[in-house]
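# A look at the structure
Chain by chain, the residues:
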Amino acid sequence: GRAPPPPPPGMPPAHGSVDYGNSMSPMSHPGASPMPVPGQSPTWSGAGADLLAPGLGPAGVSLDDGVSLLPNDIEVRVTRGAHNGKSGRVTQAQGADTYTVVLNSGGQIMVADISRRDLEVVAPGKKDQIIIVHGDLVNSTGTLIGVDGTDGIVKMDTTNDIKIVELRSCAKLVRA
């Protein structure tokens with residue numbers, strides 16, 4: 001059998017492999033890191049590729065959202081347990097896995113300590129105050145002035161700069 005022709009310049013290699021051009025195989029020299037050919041971008045696929053872009057939950061950031069510690073004063077929704085379906089505001093982290101949340105249900109206010117796995121971050125809407133919960137701008141605040149697909153257009157509080165930020169990186173700020 002003949003080998004398939006190489007892809008045209010600028011096109012990713014077939015079968016989701018990484019194209020290292022004529023560089024050394026990592027197997028031919030233990031401990032060596034393969035280097036991509038200058039000017040070409042390696043393409044990655046297969047197991048683990050989905051870890052680069054975790055999915056969104058139905059109303060916001062999912063459990064695999066990359067947020068290790070939820071900031072105070074963000075809106076969350078309880079997804080299971082005694083307070084399932086209620087929304088509230090995070091007031092304090094009780095370690096890495098439990099949060100004190102002020103819940104507002106039908107005008108009644110209650111405070112509960114809730115496991116992180118039972119909370120989802122509420123996605124902000126246009127004109128909401130936001131805090132960025134992961135990425136390069138983590139802990140920065142601003143106002144969501146527009147939405148473009150999965151991106152938010154944010155006017156930053158400290159600089160008044162306009163930034164494009166993934167919506168899944170934003171949480172709705174609610175102050176007491």
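Here we summarise the structure given alongside this text. Not measured: the values here are computed from a predicted model.

## Side note on the overall build of the protein chain
A tally of regular secondary structure across the protein chain gives 0 helices and 12 strands. Each helix and strand of the protein chain, placed in order from N terminus to C terminus, yields the pattern β-β-β-β-β-β-β-β-β-β-β-β. When burial is assessed residue by residue, the protein chain has 30% of its 176 residues classed as buried. Counted over contacts in the protein chain with a minimum sequence separation of 6, partners at least 24 positions apart contribute 43%.

## What to know about the sheet that holds strand β12 (residues 170-172)
The 5 strands are arranged β11-β10-β9-β8-β12 in an open sheet whose pairing can be described as antiparallel. Of all the strands in the sheet, just β11 (162-166) and β12 have a single pairing partner and so form its edges. Ignoring strand direction, the axes of neighbouring strands in this sheet form an average angle of 50°. Looking at chain direction, strand β8 (residues 129-132) and β12 are connected through 3 bridges and run antiparallel. Paired with Ile 132 across the two strands is Cys 170, which belongs to β12.

## Re the nonpolar core
Note that soluble globular proteins tend to have their nonpolar side chains buried in a common cluster. Within the largest apolar cluster, 16 residues are counted, with the highest numbers of intra-cluster contacts made by Leu 70, Ile 74, Val 76, Val 90, Val 101, Ile 114 and Leu 119. Of all the secondary-structure elements, those providing two or more residues to this core are β3 (75-78), β5 (98-105), β6 (108-115) and β7 (119-122). In terms of residue count, β5 provides more of this core than any other element does, 3 residues in total. Ile 130, Ile 132, Val 154 and Met 156 belong to the second largest nonpolar core, which has 8 residues in total.

## Quick word on the pairing of β11
Sheet analysis places strand β10 (residues 151-156) next to β11, joined by 5 bridges and oriented antiparallel. Counted as the bridge partner of Lys 155 is Ile 162 from β11. Between β10 and β11, which follow one another and run antiparallel, lie 5 residues, and Asn 160 among them has a positive phi close to 65°.

## Section: the pairing of β8
Relative to strand β9 (residues 141-148), β8 runs antiparallel, the two sharing 3 bridges. Residue pairing for β9: Ile 131 is matched across the bridge by Thr 141.

## What about the pattern of salt bridges?
Taken as a whole and judged by the stated rule, the model has 5 salt bridges. When the shortest N-O distance is used, the salt bridge between Glu 120 and Arg 77 registers 3.2 Å. Remark: Arg 77 occurs in strand β3 and Glu 120 occurs in strand β7; sequence separation between them is 43 residues. Of the charged contacts, one joins Arg 80 and Asp 118 as a salt bridge, the two residues approaching to 2.6 Å between their closest N and O atoms. Pair noted here: Arg 80 is in the loop between β3 and β4 (87-93) and Asp 118 is in the loop between β6 and β7, with a separation of 38 residues, a long-range link. When its relative accessible area of 41% is taken as the criterion, Arg 80 is described as partly exposed. On the accessibility criterion, Asp 118 (13% relative accessible area) is buried.

## With respect to unusual backbone geometry
Positive phi, normally seen in glycine, also occurs at Asn 139, with a value near 75°. Following the sequence through the fold, Asn 139 ends up in the loop between β8 and β9. What makes Asn 139 exposed here is its relative accessible area of 55%. Residue Asn 160 is not a glycine yet carries a positive backbone phi of 65°. In this structure, Asn 160 sits in the loop between β10 and β11.

## Overview of the side chain of Ser 169
Topologically, Ser 169 is positioned in the loop between β11 and β12. Looking at Ser 169, the relative accessible area reads 4%, which means it is buried. In contact with Ser 169, other than residues within four places in its own chain, are Ile 131, Ile 132, Val 133 and His 134.

About the cut-offs
Residues numbered from 1 in each chain as written. Predicted model: local features only at pLDDT ≥ 70, side-chain atom pairs only at ≥ 80, totals over all residues. Heavy atoms only, no water. Helix = DSSP H or I, 4+ residues; strand = E, 2+ residues; numbered from the N terminus. Buried < 20%, exposed > 50% of the residue type's maximum accessible area, 1.4 Å probe, protein only. Contact = heavy atoms within 4.5 Å. Pairing = 2+ DSSP bridges. Axes fitted to C-alpha atoms, helices over the stretch in contact; angles between N-to-C directions. Core = buried A, V, L, I, M, F, W, Y, C linked by side-chain atoms within 4.5 Å. Salt bridge = Lys/Arg side-chain N within 4 Å of Asp/Glu carboxyl O.

The values reported here are purely geometric and, on their own, carry no functional implication.
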